[in-house]
Amino acid sequence: MSAKIIDGKALSASIREQMKGEAERFENTYGRKVGLAVIKVGANPASEVYVRNKIKACEEVGVKSFSYNLPEETAEADIIDIIDTLNGDENVDGILVQLPLPKGVNEKRILARILPEKDADGFHAVNAGGLMLGLPCTKPCTPAGIIELIKSTGVSIAGKNAVVIGRSNIVGKPAAMLLLAENATVTICHSRTADLKAHTLNADILVAAVGIKEFVTGDMVKDGAVVVDVGMNRADGKLYGDVNYPEASEKASYITPVPGGVGPMTVTMLIKNTVESAFRCKGN
Ligand code: NAP
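Residues numbered from 1 in each chain as written. Predicted model: local features only at pLDDT ≥ 70, side-chain atom pairs only at ≥ 80, totals over all residues. Heavy atoms only, no water.

### As for the overall build of the protein chain
Scanning the protein chain from N- to C-terminus turns up 10 helices and 11 strands. Relative to the globule expectation of 19 Å for 284 residues, the C-alpha radius of gyration of the protein chain, 19 Å, shows essentially globular dimensions. Buried positions account for 50% of the 284 residues belonging to the protein chain. Relative to all contacts within the protein chain whose residues are 6 or more apart in sequence, the contacts with residues 24 or more apart total 71%. (Helix = DSSP H or I, 4+ residues; strand = E, 2+ residues; numbered from the N terminus. Rg over C-alpha atoms; globule rule 2.2 N^0.38 Å. Buried < 20%, exposed > 50% of the residue type's maximum accessible area, 1.4 Å probe, protein only. Contact = heavy atoms within 4.5 Å.)

### Quick word on the sheet that holds strand 8 (residues 226–229)
Read from one edge to the other, the open sheet built from six strands follows the order 1-11-8-7-5-6, with strand pairing classed as parallel. With partners counted over all chains shown, the strands left at the sheet margins are strand 1 (4–5) and strand 6 (185–189), one partner each. (Pairing = 2+ DSSP bridges.)

### Some remarks on the packing of helix 1 (residues 8–30) against helix 10 (residues 262–281)
Running from N to C, helix 1 and helix 10 point in directions that differ by 20°, and their axes come no closer than 9 Å. The pairing of helix 1 with helix 10 is recorded here as roughly parallel in orientation. The interaxial crossing formed by helix 1 with helix 10 has left-handed handedness. Within the contact between the two elements, helix 1 uses G8, K9, L11, S12, I15, R16, M19, E22, A23, R25, F26 and Y30 and helix 10 uses P264, M265, V267, T268, I271, K272, V275, A278 and F279. Its residues assigned to classes, the contact of helix 1 with helix 10 comprises 13 nonpolar, three polar and five charged. (Axes fitted to C-alpha atoms, helices over the stretch in contact; angles between N-to-C directions. Parallel < 35°, antiparallel > 145°, perpendicular 65-115°, else oblique. Left-handed = near helix turned anticlockwise from the far one by under 90°. Nonpolar A, V, L, I, M, F, W, Y, C, P; charged D, E, K, R; others polar.)

### Observations regarding the environment of G134
As for its position among the elements, G134 is in the loop between helix 5 (125–133) and helix 6 (141–151). As a C-alpha pair, G134 and A181 span 47 residues in sequence and 7.5 Å in three-dimensional space.

### As for helix 1
A rise of 1.5 Å per residue sets the reference length of helix 1, with its 23 residues, at 33 Å; its end C-alpha atoms lie 32 Å apart and thus fit the reference within 8%. Between the side-chain oxygen at the start of helix 1 and the backbone nitrogen of K9 there is a gap of 3.0 Å, and the oxygen is on D7. After helix 1 finishes, the residue G31 shows a positive phi value of roughly 75°. (Expected span 1.5 Å × (residues − 1). Polar contact = N/O pair within 3.5 Å; in protein donor to acceptor, adjacent residues only side chain to side chain.)

In structure tokens, the structure reads:
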């Protein structure tokens, strides 16, 4: 079998088009643009690229971005002050702090300071708890994008065996919770999982969020599985996924490429979260 490609770029473009319409509707109704504040501390090269992409996506959709490029040595108290100001700013609907933060800045305290209603990344404990309890909440962008990508195949998630490799707070765990909410039977695997292959071979839906280049080989993939590759691993000037694409695509029915799969969806879901927050704050 040669897998069909799940085109993250195309799906992302169509959701951005919808968001453009929604952002316009917000502006026409409330007399201002939807606003997203983006805080970057220090000069991490990968963060520079991510932040640039997020600001570009805002422009594309008609969301106003408020950019804060703070020097590496910025004190935690000063970042907190900025967040407090943005929490109270009526023109700001979403706040994003680009991770990782420099050493010495407590990431947990910073993320906890963002009002849950303005937490565009969905990392606040109130939103993580909401996801766990099945309450309305802002969902983390990458996992939300993963679900949209799977749904775009037309394959039903309900009743399927879904295996997530990785249990990070930003990808693995929330992806597993969202798959559970879609009525999949979910297994979460990690570095201490015994006989990983036995689990992955049982996966109708396989999500790889490991952070190791081409970790999932063809012999680990069940025939006909839907494979979502979250990995972004740079080597010899190229971007590689966590899945060995040539091998896995011989077994899978659908597969996301790297690049062009999960990556574009992450930024798009950030914009979607911000637009939805804006309407929610107005009681919609
Ligand atoms: P992370 O925090 O490093 O988590 C990696 C997970 O993989 C951990 O739970 C770890 O298990 C597990 N793992 C490591 N080695 C393993 C092994 N040999 N067998 C089974 N599990 C193993 O990474 P992350 O933040 O979740 O990101 C994962 C990947 O996704 C990275 O490549 C990252 O760059 C990429 N990513 C992409 C996007 C995007 O937009 N496309 C967004 C976020 C992340 P333990 O918990 O036991 O250590």
